[in-house]
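# A closer look at the structure
The residues making up each chain are set out below.
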Amino acid sequence: MEKIDVVIVGGGLSGLACAYMLAEHDMQVIVVERGDFPGSKNVTGGRLYLEPIRELAGTMLDGAPFERKVVREKWSLLGEGNSIGIDFTGDKFRQEAHSYTILRAHFDRWLADRLMEKGVFVIPKYRVDSLLWEGENVAGIKAGEEEIYANIVVAADGALSFMAEQAGLKPKMKPKGYAVGIKEVIELPEEKINDRFNVDKDEGCAHLFVGDVTKGLFGGGFLYTNKETISLGIVVGIRAIMEKSPTIEAHTLIDSFKERYEIKRLIEGGVLAEYSAHIIPESGYNGISKLYGNNMLVTGDAAGFALNMGVTVRGMEFAIASGVIAAETIIKAKASGDYSAKTLSYYENRLKESFVLKDLYNNRQMSDFLDNDDFFSYYPKLFPALVEKAMWFGREPKEKLSKTIWEGLKNSGALSMKGLKILYGMKKI
Amino acid sequence: MKVDEKLALDAFKNDKDSHIKIRHDICRSKCKAKFCLFICPGHLYSYDEETDEIKVEYAGCLECGTCRVACIEGAIDWTYPTGGFGVQYRLG
């Protein structure tokens, strides 16, 4: 039967980036997307870092619908009823195109429209049921009675990747390896956002929160400013919430987060526009699937390319980079006429040379390091409490500042063997 | 705002058949924890005492797949809704 060059399952960033590069090389590409349009099933926190993908993406994102350039980075430890934070801004972040907030339904749709102008077929409302096989080789996809045969199938179908699972490239998903993100997009006038977040027009803020936001569970909160909306949400480890006693209903975490003094004022008068949820790979390097098989490649979230470093969370630029590198691999395979796993292993080698597997590998101990409740309950209580004590003047005479801090640390156990061990462990990350 | 009011703001295209099937025999015989009842961001799962069954309001599903991962007993048979159905994010 007639085979096209490539069929890409999933119109997210990795699939669309892959298709874009293939179209530049005149390959026959079909992207199938189960939603009404690419982006309609996709959710980000979130923001996209541009610098790492500048060369790989080329002109792909020229004119993209970015929301705001992130010039203010904030990070807060939330105790119970108090908090401390870091508020960073820098000229470098304002002058250079470092990272931008985006909304996926707008962003992915824009990229898909660009693809269609290049002659790529993007078929929406198309859910793939299964892979087609020829012996040991993947031969295409099947949706209902429809079949599309292709030399290569790219599994760009997101964190739940049914395609990679069916191909035996991805093991059954375990609660420990994933978190769920729950997000609200809240409308606020542009000027209000500028004022409340102390940024100029088209400039934005990224703010991460740890501690009471997840009631001490693995995870945290996030806030990103868009042009006329705010993306506010929480991320919580699936295993963490399963093991919590007494139980917490996951959907209530975002409500108590919004009730916090630190957040309430920022979103006051805002109108909720959309409520969304998405799963996030949390195992870093150790959670990556097999990346290729005969006639098949796995990209983006489907492969597990996501990295939580506590103070930053990344995924989308890994998706774009892996899509581009998958395209390079496919172009090479077509030139040789060989689509076997052996030829496609080039994909993994190239990823290892790129920031994708380098960053994930360098931070491979991060997920184990963060698998420690102290980061989400103990420290977020300790540090705000110390500051509170230092800042409070009561009726009693004030002791020396150094004594307040020293006693506070000592009594809290932060300087115990266990506490010091954690500090020592930080050199591994 | 209650979670069902939040879901009412989203755009959904409802399929007539559920994309989530529950194996009640497994829920009854193996599952004590019933993670689905509190882990779903849409709070769509409930327990019907009369029929001794877990129920799911599949039409409000945000398609995150959290229940599929959390149901370690394998009682939740979860696929994506048919193409063109389910939640359609306008912002994402």
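Look a little higher up for the structure.
In short, a report on the structure. (Residues numbered from 1 in each chain as written. Chains lettered and ligands numbered in written order. Predicted model: local features only at pLDDT ≥ 70, side-chain atom pairs only at ≥ 80, totals over all residues.)

## A look at the overall build of chain B
For clarity, the threshold we go by: A helix here means a DSSP run of H or I that spans at least four residues, while a strand means a run of E at least two residues long, and both kinds are numbered starting from the N terminus. Our radius of gyration is a C-alpha quantity, and the globule rule it is checked against amounts to 2.2 Å times the number of residues to the power 0.38. By definition, residues are in contact whenever their C-beta atoms, placed on the basis of the backbone, come within 7 Å of each other.
Within chain B one finds 4 helices and 6 strands. Its helices and strands taken in sequence order, chain B reads α-β-β-α-α-β-β-α-β-β from the N to the C terminus. Rg of the C-alpha trace for chain B: 13 Å, near the compact-globule value of 12 Å for 92 residues, within the 12% margin. Expressed as lengths along the three principal axes of its C-alpha atoms, the size of chain B is roughly 40 × 30 × 25 Å. Counted over contacts in chain B with a minimum sequence separation of 6, partners at least 24 positions apart contribute 71%.

## What to know about the overall build of chain A
Going by this rule: For the exposure call, what matters is how many other C-beta atoms sit within 10 Å of a residue's own: 20 or more marks it buried, 12 or fewer exposed, and in between partly exposed, using C-beta atoms placed from the backbone.
Assigned secondary structure in chain A consists of 17 helices and 19 strands. In terms of C-alpha radius of gyration, chain A reaches 23 Å, essentially the compact-globule figure of 22 Å for 429 residues. Across the 429 residues that make up chain A, the buried fraction comes to 51%. Restricting the contact set of chain A to residue pairs at least 6 apart, pairs at least 24 apart contribute 72%.

## What to know about the interface of chain A and chain B
Our working definition: In this classification, Asp, Glu, Lys and Arg are treated as charged, Ala, Val, Leu, Ile, Met, Phe, Trp, Tyr, Cys and Pro as nonpolar, and every other residue, Gly included, as polar.
Each side of the interface is counted separately: chain A has 40 residues, and chain B has 30 residues. When residues of the side of chain A that touches chain B are traced back to their parent elements, those giving at least two are α4 (104-117), β11 (178-187), α7 (238-243) and β15 (271-281) of chain A. Of the residues belonging to the side of chain A that touches chain B, the class tally is 22 nonpolar, 10 polar and 8 charged.

## Considering the packing of helix α11 (residues 316-336) of chain A against helix α12 (residues 341-353) of chain A
How two helices sit against one another is set out by the angle between their axes and by the gap between those axes. Residue and element names in this part refer to chain A. The following threshold applies: A fitted line through C-alpha atoms serves as each axis, taken over the contacting stretch for helices, and the angle formed by two N-to-C directions is quoted from 0 to 180°. Orientation labels follow simple angle bins: below 35 degrees gives roughly parallel, above 145 gives roughly antiparallel, 65 to 115 gives roughly perpendicular, and whatever is left gives oblique. Helix crossings are classified by the rotation of the near helix relative to the far one: an anticlockwise turn of less than a right angle makes the crossing left-handed, while a clockwise turn makes it right-handed.
Closest axis-to-axis distance for the α11/α12 pair is 9 Å, and the angle between their directions is 150°. On the basis of the axis angle, α11 is roughly antiparallel to α12. Handedness of the α11/α12 crossing: right-handed. Along the contact surface, α11 presents Ser322, Ile325, Ala326, Glu328, Thr329, Lys332, Ala333 and Ser336, while α12 presents Thr343, Leu344, Tyr346, Tyr347, Arg350 and Leu351. Of the residues that constitute the contact of α11 with α12, the class distribution is 7 nonpolar, 4 polar and 3 charged.

## Details of the pairing of strand β2 (residues 29-32) of chain A
All names here are of chain A. Stated formally: The rule for pairing is simple: two strands pair if DSSP sees at least two bridges between them. Note on handedness: a crossover is taken as right-handed if, strands pointing away from the viewer, the path from the first strand over the helix to the second is clockwise.
By the bridge criterion, 4 bridges tie strand β1 (residues 4-9) to β2 in an arrangement that is parallel. Counterpart to Val6 in the pairing with β2 is Val29. This β-α-β element, β1 to helix α1 (residues 13-24) to β2, shows right-handed connectivity. As paired elements, β2 and strand β7 (residues 121-123) share 3 bridges and run parallel to each other.

## Here's the deal with α12(A)
All names here are of chain A. Heads up, the condition is: In this scheme, a helix's expected span is set at 1.5 Å multiplied by one less than its residue total. This arc describes the spread of directions from the helix axis toward the C-beta atoms.
Over its 13 residues, α12 extends 19 Å from the first C-alpha to the last, a length consistent with the 18 Å expected when each residue adds 1.5 Å. Of the positions making up α12, those classed as buried are Leu344, Tyr347 and Leu351. The buried residues of α12 all sit within an arc of 30° when viewed along its axis, so they share a single face. Pointing more than 90 degrees away from the buried face of α12 are the exposed residues Lys342, Asn349, Lys352 and Glu353.

## As for the environment of A:Leu223
Residues and elements named next belong to chain A. Mapped onto the elements of the fold, Leu223 is located in strand β13 (residues 219-225). Leu223 gets classed as buried once you count the C-beta atoms within 10 Å, which come to 23. Each C-alpha atom, one on Leu223 and one on Tyr149, is 43 Å from the other, the two residues being 74 residues apart in sequence.

## A closer look at the pairing of β13(A)
All names here are of chain A. Across the 7 residues that make up β13, a large majority, 7, are buried. Of the two faces of β13, the one lined by Gly219, Gly221, Leu223 and Thr225 and the one lined by Gly220, Phe222 and Tyr224 are each fully buried. The pairing of strand β12 (residues 203-211) with β13 spans 4 bridges and is antiparallel. Across the sheet, the residue bridging to Phe209 is Gly221, located in β13. The pairing of β13 with strand β14 (residues 229-237) spans 7 bridges and is antiparallel. Within β14, the position partnered with Gly221 by the bridge is Ile234. If you look at the hairpin formed by β13 and β14, you'll find 3 residues sitting between the two strands.

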